[in-house]
Amino acid sequence: MKIAQVAPLYESVPPKLYGGTERVVSYITEELVRLGHEVTLYASGDSQTSACLRSVCDRALRLDGGKLLSPLAHHLNLVETVAQEADEFDVVHFHLDYLPFSQIRRLEIPAVTTLHGRLDIPDLYPLFREFDDMSLVSISDAQRAPMPWASWLTTVHHGIPEDLYEPRFSSGDYLAFLGRISPEKRVDRAIEIARRAGMPLRIAAKIDDADRSYFEAEISDLLANSDVEFVGEIGEREKADFLGNAAALLFPIDWPEPFGLVMIESMACGTPVVAFRGGSVAEIVDPGVTGFIVENVEEAMEAVKGIPSIDRRACHQRFLERFTSRRMCEEYLTAYEHCIWEKRRSARGKRGLTLTA
């Protein structure tokens, strides 16, 4: 099958440091190539892939810092480039939210769009009602809950390569927080849980410019007055040690998390997750096997006490059963085939109408 993967341009594929969507696009792309498909990746020019790389910008947009004035212009150029070349492919897999919808409709591109962000935003609803002919993929059932009426093709949970991290089966002596410093990720909860549980906390996190004021106003003093090591933003190579040597990952979110890639990264290392209920969490964490789901800080403290009851080998095994990139790609291939079949059926129907007329 000839497949195009179209990634956002904010980060390279894979990203050098933080970047969930671009990381998932890389896993999909590389696994499809391993399965023998002919794959073209549309991404920033500093991306690395075994597929054919086509780019509309030399480097990831975030790396341009203050020089970047209009990321939207780059993405519209990307959509136009893909539209002009779409007839080269059996299917185009977009990861750009709703930006390509008009082109998909007008050019009748056989396309699948995976939505990676939150959807509980009322401004989105009229748009998705208009484009009810798109083939949409959610990354969790919880993600699609605000728009159950949208044109969902399927849900495909994220996956990562099964050999990406070497699991560690002896428990560490610290708690870990990995992700972004932002109000919805609630690193302040992680600090409080670790303090009250009497355990060290290591934080590996990115601080976006948009969250800098929040960090300085709400978090910096907490870091200065607690037993916390702030590691900063880390890349793929550092994750195995950071997660694998932890007693548990804290995932104290306060928003409808669409997926939460770090949870399955932790499981891949054999490290259990203590996660606050919300969004996809109940679909990802198997209580008592891969961690605990809690409602508040007090329950989180009790969960930390229960960490020794988790079999880290069983935690890793559940990851192998549910969250590998091979499983993810097999499910996407089924979605691609369905999309192609629907486009062909639609084309036959239009030809029939023309002949009848």
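Our structure's up above, just so we're on the same page.
Residues numbered from 1 in each chain as written. Predicted model: local features only at pLDDT ≥ 70, side-chain atom pairs only at ≥ 80, totals over all residues. Heavy atoms only, no water.

S.K.: Whenever I open this one, the sheet that holds strand 8 (residues 175-180) confuses me. Can you help?
M.R.: Sheet strands pair by backbone hydrogen bonding; their relative direction is either parallel or antiparallel. One open sheet holds the six strands; their spatial order is 10-9-8-11-12-13, and the pairing between them is parallel. Looking at the sheet topology across the chains shown, the edges are occupied by strand 10 (228-230) and strand 13 (291-294). Averaged over all pairs of adjacent strands, the angle between their axes in this sheet comes to 20°, without regard to strand direction. Strand direction decides the pairing type here: strand 12 (residues 273-276) and strand 13, joined by four bridges, are parallel. Paired with Ala275 across the strands is Ile293, a residue of strand 13. Packed onto the sheet, helix 7 (residues 236-244) meets strand 8, strand 9 (201-206) and strand 11 (248-251) and runs at close to 145° relative to strand 8. Of the strands in this sheet, strand 8, strand 11 and strand 12 are in contact with helix 8 (residues 261-268), which crosses strand 11 at around 170°. (Pairing = 2+ DSSP bridges. Helix = DSSP H or I, 4+ residues; strand = E, 2+ residues; numbered from the N terminus. Axes fitted to C-alpha atoms, helices over the stretch in contact; angles between N-to-C directions. Contact = heavy atoms within 4.5 Å.)

S.K.: I tried to follow the pairing of strand 1 (residues 2-6) on my own but got confused; where do I start?
M.R.: The side chains of a regular strand alternate, residue by residue, between the two faces of the sheet. Buried residues dominate strand 1, accounting for four of its five residues. As paired elements, strand 1 and strand 2 (residues 38-42) share five bridges and run parallel to each other. For Val6, the partnering residue across the bridge sits in strand 2 and is Tyr42. Looking at chain direction, strand 1 and strand 4 (residues 91-94) are connected through four bridges and run parallel. In the sheet register, Gln5 faces strand 4, and the bridge partner there is His93. (Buried < 20%, exposed > 50% of the residue type's maximum accessible area, 1.4 Å probe, protein only.)

S.K.: How should I be thinking about the pairing of strand 2 in this particular structure?
M.R.: Strand 2 sits mainly inside the fold: four of its five residues count as buried. Pairing geometry for strand 2 and strand 3 (residues 52-54), over three bridges, is parallel. Looking at the pairing, Leu41 lines up with Leu53 of strand 3.

S.K.: How should the packing of helix 5 (residues 187-197) against helix 6 (residues 212-224) be read in this particular structure?
M.R.: When two helices pack together, their arrangement is given by the angle between their axes and by how far apart the axes lie. Between helix 5 and helix 6, whose axes approach to 10 Å, the crossing angle comes to 10°. On the basis of the axis angle, helix 5 is roughly parallel to helix 6. Between helix 5 and helix 6, the contacting residues are Val187, Asp188 and Ile191 on the first element and Tyr214, Ile219, Leu222 and Leu223 on the second. Broken down by class, the residue content of the contact of helix 5 with helix 6 amounts to six nonpolar, no polar and one charged. (Parallel < 35°, antiparallel > 145°, perpendicular 65-115°, else oblique. Nonpolar A, V, L, I, M, F, W, Y, C, P; charged D, E, K, R; others polar.)

S.K.: I'm lost on the packing of aromatic side chains in this one. Help?
M.R.: The geometry of an aromatic ring pair is captured by the separation of the ring centres together with the interplanar angle, meaning the angle of the planes. Scanning the entire structure with this criterion turns up eight aromatic pairs. With centroids separated by 6.0 Å and ring planes inclined at 35°, the aromatic side chains of Phe215 and Phe230 adopt a geometry described as tilted. One end of the pair, Phe215, is in helix 6; the other, Phe230, is in strand 10, with 15 residues separating them in the sequence. A relative accessible area of 11% means that Phe215 is categorised as buried. Judged by its relative accessible area of 33%, Phe230 falls in the partly exposed class. A network of ring pairs unites the aromatic residues Phe101, Phe128 and Phe131 as a single cluster. The aromatic ring of Trp149 is capped on one face by Arg129, whose charged end is 3.8 Å from the ring centroid. Over the ring of Tyr174 we find Arg202, and its NZ or CZ is 5.3 Å from the ring centre. (Phe/Tyr/Trp six-rings, centres within 6.5 Å; stacked < 30°, edge-to-face > 60°. Lys NZ or Arg CZ within 6 Å of the ring centre and 35° of its normal.)

S.K.: Can you help me understand the nonpolar core in this one?
M.R.: Most often, soluble globular proteins keep nonpolar side chains buried together rather than apart. Ile181, Leu201, Ile203, Met263, Met267 and Tyr336 are the most contacted members of the largest nonpolar core, which has 81 residues in total. In terms of residues, this core owes the most to one element, helix 12 (residues 325-356), which gives seven residues. Sequence-distant contacts of Ile181, that is, excluding residues within four places in its chain, are made with Val187, Ile203, Ala205, Lys206, Ile207, Asp211, Tyr214, Phe215, Ile219 and Phe230. Counting residues in each nonpolar core, the second largest holds 29 residues, with Tyr42, Leu119, Phe131 and Trp152 among its members. (Core = buried A, V, L, I, M, F, W, Y, C linked by side-chain atoms within 4.5 Å.)

S.K.: I keep staring at the side chain of Arg312 and nothing clicks. Help me out?
M.R.: As for its position among the elements, Arg312 is in helix 11 (residues 312-322). Asp311 is the oppositely charged side chain nearest to the buried, salt-bridge-free Arg312, at an N-O distance of 8.0 Å. A polar side-chain atom of Arg312 sits 2.9 Å from the main-chain carbonyl oxygen of Arg168. For Arg312, the side chain forms a polar contact with the main-chain oxygen of Gly244, separated by 3.0 Å. (Lys, Arg positive; Asp, Glu negative; His and termini not counted. Salt bridge = Lys/Arg side-chain N within 4 Å of Asp/Glu carboxyl O. Polar contact = N/O pair within 3.5 Å; in protein donor to acceptor, adjacent residues only side chain to side chain.)

S.K.: How should the packing of helix 8 against helix 11 be read in this particular structure?
M.R.: It is at 7 Å that the axes of helix 8 and helix 11 come closest, and there the two elements cross at 125°. Relative to helix 11, the element helix 8 lies oblique. Within the contact between the two elements, helix 8 uses Ile264, Met267 and Ala268 and helix 11 uses Cys315, His316 and Phe319. Its residues assigned to classes, the contact of helix 8 with helix 11 comprises five nonpolar, one polar and no charged.

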